[in-house]
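# Structure assessment
The primary structure of each chain is shown beneath.
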Amino acid sequence: YVFYNAIRHIWLDKLKTGGMIAIECGEGQSGRICEIFGDMCNCDCVKDIYGADRFVRGIKFTGG
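Our subject in this report is the structure included herewith. What you see is a predicted model, and the numbers here were worked out from it, not measured in a lab.

## A few points about the overall build of the protein
Scanning the protein for helices and strands turns up 2 helices and 3 strands. Its helices and strands in sequence order give the protein the pattern α-β-α-β-β, from N to C terminus. Taking 64 residues into account, the globule formula puts the C-alpha radius of gyration at 11 Å, and the protein, at 11 Å, falls close to it. Overall size of the protein, expressed as C-alpha extent along the three principal axes, is 35 × 25 × 15 Å. Within the protein, the fraction of its 64 residues that count as buried is 31%. Counted over contacts in the protein with a minimum sequence separation of 6, partners at least 24 positions apart contribute 52%. On the protein, roughly 4,100 Å² of surface is accessible, and the fraction owed to carbon and sulfur atoms is 56%.

## Observations regarding the nonpolar core
Soluble globular proteins tend to pack their nonpolar side chains together in the buried interior. Counting residues in hydrophobic clusters, the biggest one holds 13 residues, and the most contacted among them are Y4, L12, I21, I23, I33 and F37. Counting residues per element, this core draws most heavily on helix α2 (residues 30-37), which supplies 4 residues. Residues in contact with L12, not counting those within four places in the same chain, are I7, I21, F37, M40, C41 and K60.

Here is what the cut-offs are and how they apply
- All residue numbers refer to position in the chain's written sequence, counted from 1.
- A pLDDT threshold of at least 70 governs which residues receive local features in this predicted model, and a stricter bar of 80 or more applies before side-chain atom pairs are shown or counted, although totals over entire chains, interfaces and linings include all residues.
- To get the side-chain values, all heavy atoms of the structure are used, and hydrogens and water are removed first.
- Under the DSSP-based scheme used, a helix requires at least four consecutive residues in state H or I and a strand at least two consecutive residues in state E, with every element numbered from the N terminus.
- Radius of gyration here uses only the C-alpha atoms, and the compact-globule reference equals 2.2 Å multiplied by the residue count raised to the power 0.38.
- Any residue under 20% of the maximum accessible area for its type is buried, any over 50% is exposed, and the rest in between are partly exposed; the area is computed with a 1.4 Å probe on protein chains only.
- Contacts: residue pairs with any heavy atoms within 4.5 Å of one another.
- Shrake-Rupley sampling with a 1.4 Å probe provides the accessible areas, and residues are treated as covered by the protein chains on show and by no other component.
- Residues grouped as a nonpolar core are buried Ala, Val, Leu, Ile, Met, Phe, Trp, Tyr and Cys residues, joined through side-chain atoms within 4.5 Å.

So, in structure tokens, the structure goes:
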């Protein structure tokens with residue numbers, strides 16, 4: 001999860017309130033990635049065509 005932590009610490013501060021970040025993830029990783037971004041974004045998971053959680057989408061909220 002080093003990669004996702006780096007995105008969070010380096011880039012998420014540059015995202016404007018209401019801006020969206022979308023990240024592709026491996027099977028079983030979406031929950032942990034939502035935890036990493038959860039203090040700054042409202043996160044949800046988007047499934048791929050096979051029904052597996054494949055993307056984490058986050059909308060930056062005010063004050064994040």
